[in-house]
2 protein chains.
Amino acid sequence: MLTIGKLGEAAGVKVPTIRYYEQIGILPEPERSAGNQRLYGTRTLDRLAFIRHARDLGFPLEAIRDLLSLSDRPDQSCAEADVIAKEQLGAVRARITRLTALKGELERMIVQCAQGTIANCRVIEALSDHASCTQGHQRAASMAGGDDNIQEVAS
Amino acid sequence: MLTIGKLGEAAGVKVPTIRYYEQIGILPEPERSAGNQRLYGTRTLDRLAFIRHARDLGFPLEAIRDLLSLSDRPDQSCAEADVIAKEQLGAVRARITRLTALKGELERMIVQCAQGTIANCRVIEALSDHASCTQGHQRAASMAGGDDNIQEVAS
DNA sequence: CTAATGTCTCTAGCAACTAGAGGTTCAAGA
DNA sequence: TCTTGAACCTCTAGTTGCTAGAGACATTAG
């Protein structure tokens, strides 16, 4: 039997994340020790590894929940799993397309920045000049899953 | 003078988002009409278009805040703006690399799904089999800004 | 036995919005 | 002029997928 810390270590998932997964119901409530600490078997380790891997692949937790409920009924058709994976692939492709366009625009911006003053800075100017934008004006309706925010770029 | 709705339409930004930007201080508090409604000039439209464009490029609001404070002091060097843009470019490149790897893995998974039952579904199996993962085990320390979650894939 | 580490629950916070309640103001048509 | 309906106001709470902290209890190594 594994404690929560060992489980997290084995699966590559942080301890609070495991408790969070239990809270939202994608991991079952485990046994407890005499002192009320969670104890897990290898079944849960497999399940958690599955979740982690799917998260790494970009699947949202709701999709993972669906996948898990499918794998709990192994006699069903795998068509549903296939659909989920294909949707995921479409979303990933769309993101790559979009990010590639962004990369081009950023590269242009940086090349044009001649280390002058802000007044004639191409970076700021490129950001101000919406007309030179390669993307359209549709933000909400742009592409499926097009939420390309990057964390920790500059504080 | 533009009302908030017209401003949002002109800049391609939703009304609650504008109020949110004001709340977090990246848009100034505007004038008000006699009936307490917000009224904006073209200065704010420019600023909002700048924000929207930068968001489209994936800049986080904190980076945009820095960029805006730079552009408020036009005599400074643009080196800082250059640094921010370069960080952004690095993050975008890392995301593309990562997403391309994910795309390959998803494609493999889907090709192998022979429309059988869950019991021998390659999609589920590929997700369970952590050993066949092309990525390492480092999640937190993977790549800069590597948070590739996709929304709205499956409910 | 004690000290250090691990675990417990609970609450609050992060980004970047979005949605809703319940009320007010404005512009246009009859 | 009145009236309707859209747009606006403030405020709170929800979203996703966690992360961080407080204060208390459990376990384990020396």
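Refer to the structure above for everything that follows.
In this report, the structure presented in the accompanying data block is examined. (Residues numbered from 1 in each chain as written. Chains lettered and ligands numbered in written order. Predicted model: local features only at pLDDT ≥ 70, side-chain atom pairs only at ≥ 80, totals over all residues. Heavy atoms only, no water.)

Attention shifts here to the protein's contact with DNA strand D. The local shell around DNA strand D holds 19 residues, among which Thr17, Tyr21 and Arg55 of chain A together with Gly5 and Arg19 of chain B are the closest. Considering the 4 Å shell around the protein, atoms of DNA strand D inside it are sugar or phosphate in 90% of instances. For DNA strand D, a phosphate oxygen lies 2.3 Å from a polar atom in the side chain of Arg19 of chain B. Within the residue set of the surface near DNA strand D, elements represented by two or more residues are α2 (15-23) of chain A together with α1 (4-11) of chain B. The element best represented in the surface near DNA strand D is α2 of chain A, accounting for three residues. Along the lines of polarity and charge, the residues of the surface near DNA strand D split into five nonpolar, eight polar and six charged. (Near = heavy atom within 4 Å. Polar contact = N/O pair within 3.5 Å; in protein donor to acceptor, adjacent residues only side chain to side chain. Helix = DSSP H or I, 4+ residues; strand = E, 2+ residues; numbered from the N terminus. Nonpolar A, V, L, I, M, F, W, Y, C, P; charged D, E, K, R; others polar.)

Further remarks concern the environment of Phe50 of chain A. Residues and elements named next belong to chain A. Relative to the helices and strands, Phe50 is located in helix α3 (residues 42-56). The buried category is assigned to Phe50, whose relative accessible area is 3%. Linking Phe50 and Ala11, residues 39 residues apart in sequence, is a C-alpha distance of 9.0 Å. (Buried < 20%, exposed > 50% of the residue type's maximum accessible area, 1.4 Å probe, protein only.)

On inspection of all chains with the given rule, the structure shows eleven salt bridges over all chains. Here Glu22 of chain B ties to Arg38 of chain B by a salt bridge, and the two come within 2.7 Å at their closest N and O atoms. Here Glu22 of chain B is found in helix α2 (residues 15-23), whereas its partner Arg38 of chain B is found in strand β2 (residues 38-39), with 16 residues between them in sequence. The residues Glu22 of chain B and Arg38 of chain B share a single accessibility class, namely buried. The closest approach of N and O atoms between Asp82 of chain B and Lys86 of chain B, which form a salt bridge, is 3.0 Å. In this pair, Asp82 of chain B and Lys86 of chain B both sit in helix α5 (residues 79-112), four residues apart, roughly one turn of the helix. Its relative accessible area of 4% is what places Asp82 of chain B among the buried residues. Shared partners join several salt bridges into a network, and the residues in it are Arg93 of chain A together with Lys103 and Glu107 of chain B. (Salt bridge = Lys/Arg side-chain N within 4 Å of Asp/Glu carboxyl O.)

This next bit is on the protein's contact with DNA strand C. Every one of the 20 residues lining DNA strand C counts as a neighbour, but Gly5, Arg19 and Arg38 of chain A together with Tyr21 and Arg55 of chain B are closest to it. Considering DNA strand C, the proportion of its atoms within 4 Å of the protein that are sugar or phosphate atoms stands at 86%. Interatomic distance of 3.1 Å between a backbone N/O atom of Gly35 of chain B and a phosphate oxygen of DNA strand C. Those elements giving two or more residues to the surface near DNA strand C turn out to be α1 (4-11) of chain A together with α2 of chain B. Looking at the surface near DNA strand C element by element, the count peaks at three residues for α2 of chain B. Considered class by class, the residues forming the surface near DNA strand C number five nonpolar, nine polar and six charged.

Before going further, it helps to spend a moment on the packing of α1 of chain A against α2 of chain A. Residue and element names in this part refer to chain A. Close contact between α1 and α2 brings their axes to 9 Å; oriented N to C, the two are set at 100°. Considering their axes alone, α1 and α2 lie roughly perpendicular with respect to each other. Of α2, the residues touching α1 (which contributes Ile4, Gly5, Leu7 and Gly8) are Val15, Ile18 and Arg19. Looking at side-chain class alone, the contact of α1 with α2 contains four nonpolar, two polar and one charged residues. (Axes fitted to C-alpha atoms, helices over the stretch in contact; angles between N-to-C directions. Parallel < 35°, antiparallel > 145°, perpendicular 65-115°, else oblique. Contact = heavy atoms within 4.5 Å.)

Moving on to α1 of chain A. All names here are of chain A. Of all the residues in α1, the buried ones are Ile4, Leu7, Gly8 and Ala11. Across the axial projection of α1, the buried residues extend over an arc of 95°, all falling on one side. Turned more than 90 degrees off the buried face of α1, the exposed positions are Lys6 and Glu9. The inward-facing, buried residues of α1 abut α2, β2 (38-39) and α3. Backbone geometry just downstream of α1 places Gly12 in the positive-phi region, at approximately 75°. (Arc of directions from axis to C-beta.)

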